[in-house]
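# Summary of the model geometry
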Amino acid sequence: MAEPRIGGDMTAAERVLDRADELASHSDLPDGIERVYLSPQHRAANDLAARWMREAGLVAWEDAAGNQCGRRAGAGDQLPAVLLGSHLDTVPGAGRYDGILGVLVAIEVAARLRDAELPFALEVVAFGDEEGTRFGTTLLGSRALAGTWQPEWGGLTDADGIRLADAATAFGLDPARFGDAARTPEELLAYLEVHIEQGPRLEDADRALGVVTAIAAAERRVITYTGESRHCATPWDLRHDALLGASEAILAIERVARAHGSYATVGRIHVEPDAVNVIPGVAAFSLDLRDETATGRDSTWERILHELEAIAVQRGLDLDVSSTHLAPEVVCAPELRAAFASGIAATNDRGSDEPMELFSVAGHDAMAVAAVAPVGMLFVRCRGGISHHADESVRADDVALAIDALEAAVLQLAAEYQPS
Ligand SMILES: [Zn+2]
């Protein structure tokens, strides 16, 4: 059995950072990074990833949904695989590392394990869509791999009215065959994803790496207060101002969610009639609510709803609430958490004998892949917790540790592996 190579390989880390820079140059924004699904920039990113996969000793191919894949040459076709990866697409105005880091670290680990004897196949995947920037629906690449692709998604359109099916054809794919990207549970032993934290908890704790326990449960709602649109000469006592109700509600949401340790965001508000001299008769706003567990999320929501109803009564407003998205938490597999914990311990970094555990507030490809394989995630510290922004930044020595930890985690799985 191969021994993990510990000690912080700065050459490999610098190569990862250089490759992230090279990928960043494939952007459809003149001043900033944007790389979306089935675009010419996606093509360029896949071509680069394919080249790096081949250099790492992998056989590279693009799957039926445009995900760039690689598999260790020489592994028998019949062997199930441990899959490493993340995504290459970005939001508009993105940084260089969200998703990209996980793909590049996976390729480095595949290169290191090129000649190692492993009891399973080793694969790397670079998903084409996680962010949902172009077609408004997230995780399209990973859901295709997980076998949960919905044929009607071919009809999704982008901001220019281009249908996903037509974009796929232009990309060189057959939109009728996206389902062929599906992998089976028999083919995949595990999915391991390295990702920047996109939050400040590791940095606050002065840790380079952390083991992800779960990906947050989320719910999105639209909350609508309806009152009366009246002339702005209406006395205070006769007003039923929907926007004042919404304003009070948004502050109540912050207070309740903070008190319960949940994450709540009101990012969109719509007012009618939207005129300077008319009391708003309708105010509708979005709520994105996340918590480590669905139980925690739901109990926070119960308290929020109580406050929303009290505001409606007090202000003489009607309240309407609808749910637009509901997702349970995705729990990382205990054996993969343990593998990452021992991977971190193997780095001998400060505090690595007691690796920090944290849940992910953001969604990730692992949520989709969990439909077909056990998933595990390793977080890497990012400066200031900044993400989805040009200032996204990682330290080269942290990247070196992440490569060591992922390699050690794979070797740990190999040592424990018992073919069924
Ligand atoms: Zn990401």
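What you see is a predicted model, and the numbers here were worked out from it, not measured in a lab.

Another point: the overall build of the protein. When its secondary structure is counted, the protein shows eleven helices and 14 strands. By its C-alpha atoms, the protein is 80 × 50 × 45 Å across when sized along the principal axes. By residue count, 54% of the 420 residues in the protein fall in the buried class. Contacts in the protein between residues far apart in sequence, at least 24 positions, make up 77% of those at least 6 positions apart. As presented, the protein carries roughly 17800 Å² of accessible surface, and 50% of it is formed by carbon and sulfur atoms. In the protein, which carries 35 positive and 67 negative side-chain charges, the distance between the mean positions of the two groups comes to 1 Å.

The subject of this paragraph is the side chain of Ser 393. Its location among the elements puts Ser 393 in the loop between strand S14 (375-380) and helix H11 (396-416). Its relative accessible area of 18% is what places Ser 393 among the buried residues. Not counting residues within four places of it along the chain, the set of residues in contact with Ser 393 comprises Tyr 97, Arg 381, Cys 382 and Arg 383.

Moving on, we come to the packing of helix H1 (residues 10-24) against helix H3 (residues 100-112). It is at 10 Å that the axes of H1 and H3 come closest, and there the two elements cross at 135 degrees. Here H3 runs oblique to H1, going by the angle between their axes. H3 is crossed by H1, and the crossing has right-handed handedness. Side by side, H1 and H3 meet where Ala 12, Arg 15, Val 16, Arg 19, Ala 20 and Leu 23 of the first sit next to Ile 100, Leu 101, Leu 104, Val 105, Ile 107 and Glu 108 of the second. Partitioned by chemical class, the residues of the contact of H1 with H3 number nine nonpolar, no polar and three charged.

With respect to the helices, strands and loops of the structure, Ala 257 is situated in helix H7 (residues 242-260). If we skip the residues at most four places from it in the chain, Ala 257 touches Ser 262, Ala 264 and Thr 300.

Positionally, Asn 67 belongs in the loop between strand S1 (58-62) and strand S2 (68-72). With relative accessibility at 0%, the residue Asn 67 sits in the buried group. In this structure the side chain of Asn 67 is engaged in a polar contact, spanning 3.0 Å, whose partner is the backbone oxygen of Gly 141. Dropping the residues within four chain positions of it, Asn 67 is found in contact with Trp 61, Glu 62, Val 125, Ala 126, Phe 127, Gly 128, Gly 141 and Leu 145.

With that settled, the discussion passes to the coordination of the zinc ion. Donor atoms from the polypeptide that coordinate the zinc ion comprise His 87 (NE2), Asp 98 (OD) and His 195 (NE2), at 1.9 to 2.2 Å from the metal. When the donor residues of the zinc ion are listed from N- to C-terminus, their spacing reads H-x10-D-x96-H. On the criterion of sequence distance, the pair formed by His 87 in strand S3 (residues 81-87) and His 195 in strand S5 (residues 188-196) is long-range, its members being 108 residues apart. Judged on exposure class, the residue His 87 and its partner His 195 are both buried.

Scanning all chains against the criterion turns up zero disulfides. Cys 382 supplies the cysteine sulfur nearest to Cys 332, a cysteine that is in no disulfide, at a spacing of 17 Å. Assessed through its relative accessible area of 1%, Cys 332 is described here as buried.

A few words on helix H5 (residues 164-171). Two residues of an α-helix separated by three or four positions point the same way, owing to the 3.6 residues in each turn. Three or more residues of H5 are buried, namely Leu 164, Ala 165, Ala 167, Ala 168 and Phe 171. All buried residues of H5 lie within an arc of 160 degrees about the axis, which places them on one face of the element. Along its buried surface, H5 packs onto helix H2 (40-55), S1 and helix H4 (140-145). Count one or two residues on from H5 and you reach Gly 172, which has phi positive near 105 degrees.

Accessible area lost upon the coming together of the parts serves often as the stated size of an interface. Parsing the protein into structural domains produces domain 1 (10-215 + 329-416) and domain 2 (217-327). Centre-to-centre, using C-alpha coordinates, domain 1 lies 36 Å away from domain 2. Listed by partner, the interface residues are seven residues for domain 1 and eight residues for domain 2. Of the roughly 660 Å² buried between domain 1 and domain 2 on both sides combined, carbon and sulfur atoms contribute 58%.

One can find Glu 34 in the loop between H1 and H2. Judged by relative accessible area, which is 15%, Glu 34 ranks as buried. C-alpha separation for the pair Glu 34 and Ala 24, spaced ten residues apart in sequence, amounts to 8.4 Å. Sequence-distant contacts of Glu 34, defined by excluding residues within four places in its chain, comprise His 26, Ser 27, Asp 28, Leu 29, Thr 90, Val 91, Pro 92 and Thr 133.

Here we take up the environment of Gly 384. If you trace the backbone, Gly 384 turns up in the loop between S14 and H11. Along the sequence, Gly 384 and Asp 365 sit 19 residues apart, while their C-alpha atoms lie 23 Å from each other.

We now examine unusual backbone geometry. Here Glu 272 and Pro 273 are connected by a cis peptide whose omega angle stands at 5 degrees. Locating Pro 273 in the fold gives a position in the loop between strand S9 (269-272) and strand S10 (282-291).

This next bit is on the packing of H3 against H11. Relative orientation and spacing of two packed helices are given, respectively, by the angle between their axes and the distance between those axes. Orientation of H3 relative to H11, taken along the N-to-C sense of each, is 55 degrees, at an axis distance of 9 Å. Between H3 and H11, the angle falls in the class oblique. For the pair H3 and H11, the sense of crossing is right-handed. From H3, Leu 101, Val 105, Ala 106, Glu 108, Val 109 and Arg 112 reach across to H11, where they touch Val 399, Ala 402, Ile 403, Asp 404, Leu 406 and Glu 407. When grouped by side-chain class, the residues that make up the contact of H3 with H11 number eight nonpolar, no polar and four charged.

About the thresholds
Residues numbered from 1 in each chain as written. Predicted model: local features only at pLDDT ≥ 70, side-chain atom pairs only at ≥ 80, totals over all residues. Heavy atoms only, no water. Helix = DSSP H or I, 4+ residues; strand = E, 2+ residues; numbered from the N terminus. Buried < 20%, exposed > 50% of the residue type's maximum accessible area, 1.4 Å probe, protein only. Contact = heavy atoms within 4.5 Å. Areas by Shrake-Rupley, 256 points an atom, 1.4 Å probe, with all protein chains shown as cover. Lys, Arg positive; Asp, Glu negative; His and termini not counted. Charge placed at Lys NZ, Arg CZ, Asp CG, Glu CD. Axes fitted to C-alpha atoms, helices over the stretch in contact; angles between N-to-C directions. Parallel < 35°, antiparallel > 145°, perpendicular 65-115°, else oblique. Left-handed = near helix turned anticlockwise from the far one by under 90°. Nonpolar A, V, L, I, M, F, W, Y, C, P; charged D, E, K, R; others polar. Polar contact = N/O pair within 3.5 Å; in protein donor to acceptor, adjacent residues only side chain to side chain. Donors = N, O, S within 2.8 Å, 3.2 Å for Na, K, Ca; no water. Disulfide = S-S within 2.5 Å. Arc of directions from axis to C-beta. Domains from an automatic or database assignment. Buried area = accessible area lost by both parts, 1.4 Å probe.

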